[in-house]
Amino acid sequence: MATETPPPSKTPARLPSTEEFVAVQESAEFGELRRSYRGFAFPLTVAFIAWYLLYVLLSNYAGDFMGTKLFGNINVALALGLAQFLTTFLIAWWYARTAAAKFDPKAEAIKSRMEGGA
């Protein structure tokens, strides 16, 4: 099993003109790619920031609640703090999976068409 990547191509990629960039930017395919990305990334970002701010506000203003022992020396604050890490990793995994399945193929199609001049 080879783990090395192949050497880069000796022929440089064709650089699209400004007009080609503008045409792609105004295309329906590019608009759909941007809409699908924004539809995924923006709500998820807002939800995570709200979840983080909730944790910060609870830490500052609900000390008794956050100090409630769940079991042993584990309290609500520690459980929610660890949940912050868990949600960070889950969001990163979900984004990578979604990008590989939905965003990357569309972006690669646009890129190859621009570099190939098709």
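Below is a short write-up of the structure.

The rules behind each value
- Residues numbered from 1 in each chain as written.
- Predicted model: local features only at pLDDT ≥ 70, side-chain atom pairs only at ≥ 80, totals over all residues.
- Heavy atoms only, no water.
- Helix = DSSP H or I, 4+ residues; strand = E, 2+ residues; numbered from the N terminus.
- Rg over C-alpha atoms; globule rule 2.2 N^0.38 Å.
- Buried < 20%, exposed > 50% of the residue type's maximum accessible area, 1.4 Å probe, protein only.
- Contact = heavy atoms within 4.5 Å.
- Areas by Shrake-Rupley, 256 points an atom, 1.4 Å probe, with all protein chains shown as cover.
- Lys, Arg positive; Asp, Glu negative; His and termini not counted.
- Charge placed at Lys NZ, Arg CZ, Asp CG, Glu CD.
- Core = buried A, V, L, I, M, F, W, Y, C linked by side-chain atoms within 4.5 Å.
- Salt bridge = Lys/Arg side-chain N within 4 Å of Asp/Glu carboxyl O.
- Phe/Tyr/Trp six-rings, centres within 6.5 Å; stacked < 30°, edge-to-face > 60°.

1. Examining the overall build of the protein chain
The number of helices and strands found in the protein chain is four helices and two strands. For the protein chain, the sequential pattern of α-helices and β-strands runs α-α-α-β-β-α. The C-alpha atoms of the protein chain give a radius of gyration of 23 Å, which is well past the 13 Å a tight globule of 118 residues would have. Per-residue burial for the protein chain yields a buried fraction of 15% across its 118 residues. For the protein chain, the share of sequence-separated contacts (at least 6 apart) that also reach a separation of at least 24 residues comes to 64%. As displayed, the protein chain offers around 9,200 Å² of accessible surface, 67% of which is attributable to carbon and sulfur atoms. Here the protein chain contributes 11 positive and 10 negative side-chain charges, whose respective centroids are spaced 5 Å apart.

2. Some details on the side chain of Gln84
Relative to the helices and strands, Gln84 is located in helix 4 (residues 76-116). Ignoring any residue separated from it by four or fewer positions in sequence, one finds Gln84 in contact with Phe48, Trp51, Tyr52 and Tyr55.

3. Some thoughts on the nonpolar core
With seven residues, the main nonpolar core is built from Leu33, Phe40, Leu44, Ala99, Phe103, Ile110 and Met114. Of all the elements in the fold, those that place two or more residues in this core are helix 2 (28-61) and helix 4. Top contributing element to this core by residue count: helix 4, with four residues. By size, the runner-up hydrophobic cluster in this structure holds five residues, among which are Leu58, Met66, Val76 and Leu80.

4. Overview of the pattern of salt bridges
Counted by the stated rule, this structure contains three salt bridges. Arg113 is paired through a salt bridge with Glu29; the nearest N and O atoms lie 2.1 Å apart. In this pair, Arg113 sits in helix 4 while Glu29 sits in helix 2, placing the two residues 84 residues apart along the sequence. We note a salt bridge from Glu32 to Arg35, for which the minimum N-O separation is 3.6 Å. Taken as a pair, Glu32 and Arg35 lie in helix 2 at a separation of three residues, close to a single helical turn. According to the relative accessible area criterion, Glu32 is partly exposed, its value standing at 35%. A network of salt bridges, in which partner residues are shared, links Glu32, Arg35 and Lys106.

5. Description of the packing of aromatic side chains
As enumerated under the stated definition, the model contains six aromatic pairs in all. Seen in terms of ring centroids, Tyr37 and Phe103 are 5.7 Å apart; in terms of plane orientation they differ by 75°. Their pairing is edge-to-face. Linking Tyr37 in helix 2 with Phe103 in helix 4, this pair joins segments that are 66 residues apart in sequence. Ring centres of Phe40 and Tyr95 lie 6.1 Å apart, and the angle between their planes is 40°; on these two criteria the pair is classed as tilted. Of this pair, Phe40 sits in helix 2 while Tyr95 sits in helix 4, and the two are 55 residues apart along the sequence. Residue Phe40 is classed as buried on the basis of its relative accessible area of 13%. With a relative accessible area of 36%, Tyr95 lands in the partly exposed category.

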